[in-house]
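An overview of the molecular structure
One letter stands for each residue in the lines below.
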Amino acid sequence: MLHEDLVDHLTRTSPLSRGEAARVVADVLAYFGEPVEEYVRRRHAEMQARGLTNDEIFKRVGAELAARRVAPPGLSARQLRRIVYG
């Protein structure tokens, strides 16, 4: 199993079982492994469904990307718009 040391750490420091810890690790890795383009499209759709405007969405998505553990290069609102709309 990949990241065995992390699974061990989670089982020692939380009430998670080994299987639960392995699923958490897999979910977190999948979340942070999501390509930037997919992340931008997904978050845009989620925020648009909540009624936010594109200006608000692109500001928030830009800030979210900058705060990711392995942040991609900064993207302008124009670049974000191009990812969403092509």
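What you see is a predicted model, and the numbers here were worked out from it, not measured in a lab.

This next bit is on the nonpolar core. Within soluble globular proteins, side chains that are nonpolar generally end up buried alongside one another. If you look at the biggest cluster of nonpolar residues, it comprises eleven residues: Tyr39, Val40, Met47, Leu52, Ile57, Phe58, Val61, Leu65, Leu80, Ile83 and Val84. Counting residues per element, the ones that place at least two in this core are helix H3 (36-49), helix H4 (54-67) and helix H5 (77-85). Here the element with the most residues in this core is H4; it accounts for four residues. Excluding residues that lie within four positions of it along the chain, leucine 52 makes contacts with Met47, Ile57 and Arg60.

On the surface, a cluster of nonpolar side chains totalling about 330 Å² of accessible area is made up of Val24, Val28, Tyr31 and Phe32. For phenylalanine 32, the position within the fold is in helix H2 (residues 18-33).

Along the chain, the position of tyrosine 85 falls in helix H5. Leaving out residues up to four positions away in the same chain, tyrosine 85 has contacts with His44, Gln48, Asn54 and Phe58. Of the polar contacts made by the side chain of tyrosine 85, one reaches the side chain of histidine 44; its length is 3.4 Å. Within polar-contact distance, the side chain of tyrosine 85 engages the side chain of asparagine 54 at 3.2 Å.

A separate point is the side chain of arginine 68. If you trace the backbone, arginine 68 turns up in the loop between H4 and H5. Buried and unpaired, arginine 68 has glutamate 34 as its nearest opposite-charge partner, separated by 5.1 Å. Within polar-contact distance, the side chain of arginine 68 engages the backbone oxygen of tyrosine 31 at 2.9 Å. Residues in contact with arginine 68, not counting those within four places in the same chain, are Tyr31, Phe32, Glu34 and Tyr39.

Right, let's talk about the pattern of salt bridges for a bit. This structure, assessed with the given rule, holds seven salt bridges. Ionic pairing is found between glutamate 46 and arginine 43, a salt bridge with its closest N-O pair at 2.5 Å. Within this pair, glutamate 46 and its partner arginine 43 are both found in helix H3, separated by three residues, close to a single helical turn. Salt bridges sharing common partners tie together Glu34, Arg42, Arg43, Glu46 and Glu64.

Moving on, we come to the packing of aromatic side chains. Counted by the stated rule, this structure contains two aromatic pairs. With a centroid separation of 4.9 Å and 85° between ring planes, the pair formed by tyrosine 31 and phenylalanine 32 is classed as edge-to-face. Judged by centre distance (6.4 Å) and plane angle (85°), the ring pair of tyrosine 31 and tyrosine 39 falls under edge-to-face. A residue is classified by how much of its surface remains accessible, and tyrosine 39, at 3% relative accessible area, is buried. An aromatic cluster is present here, built from Tyr31, Phe32 and Tyr39 joined pairwise through their rings. Taking NZ or CZ as reference, arginine 68 lies 4.4 Å from the ring centre of tyrosine 39, over its face.

Cut-off values and rules
- Throughout, a residue's number is its position along its own chain's written sequence, starting from 1.
- With pLDDT at 70 or above as the cut-off, local features in this predicted model cover only qualifying residues; side-chain atom pairs require 80 or more to be listed or tallied, and sums for whole chains, interfaces and linings still use all residues.
- To get the side-chain values, all heavy atoms of the structure are used, and hydrogens and water are removed first.
- Side-chain atoms within 4.5 Å link the members of a nonpolar core, which is a set of buried Ala, Val, Leu, Ile, Met, Phe, Trp, Tyr and Cys residues.
- Categorising residues by exposure relies on relative accessible area from a 1.4 Å probe, with only protein chains included: less than 20% of the type maximum marks a residue as buried, more than 50% marks it as exposed, and the intermediate range marks it as partly exposed.
- Working definition: helices are DSSP H or I runs of at least four residues, strands are E runs of at least two. Numbering for both runs from the N terminus.
- Residue contacts are counted whenever heavy atoms from the two residues lie within 4.5 Å of one another.
- Residues enter patches when their relative accessible area tops 30% and they take part in no salt bridge; the joining distance is 9 Å for like charges and 5 Å for the nonpolar side chains Val, Leu, Ile, Met, Phe, Trp and Tyr.
- Reported accessibility uses the Shrake-Rupley method at a 1.4 Å probe radius. Residues are deemed covered only where the shown protein chains occlude them.
- The rule for a salt bridge is simple: a side-chain nitrogen of Lys or Arg has to be within 4 Å of a carboxyl oxygen of Asp or Glu.
- Contacts described as polar in this section are N or O atom pairs within 3.5 Å, which, within protein, must combine one atom able to donate a hydrogen with one able to accept it, while residues neighboring in sequence count only if both atoms come from side chains.
- Positive charges come from Lys and Arg, negative ones from Asp and Glu, while His and the chain ends are left out of the count.
- Classification of ring pairs uses Phe, Tyr and Trp, with its six-membered ring standing for Trp, and accepts pairs whose centres are within 6.5 Å; under 30 degrees between planes counts as stacked, over 60 as edge-to-face, and the remaining range as tilted.
- Only when the NZ atom of a Lys or the CZ atom of an Arg is both within 6 Å of the ring centre and within 35 degrees of the ring normal do we say a charge sits over the ring.

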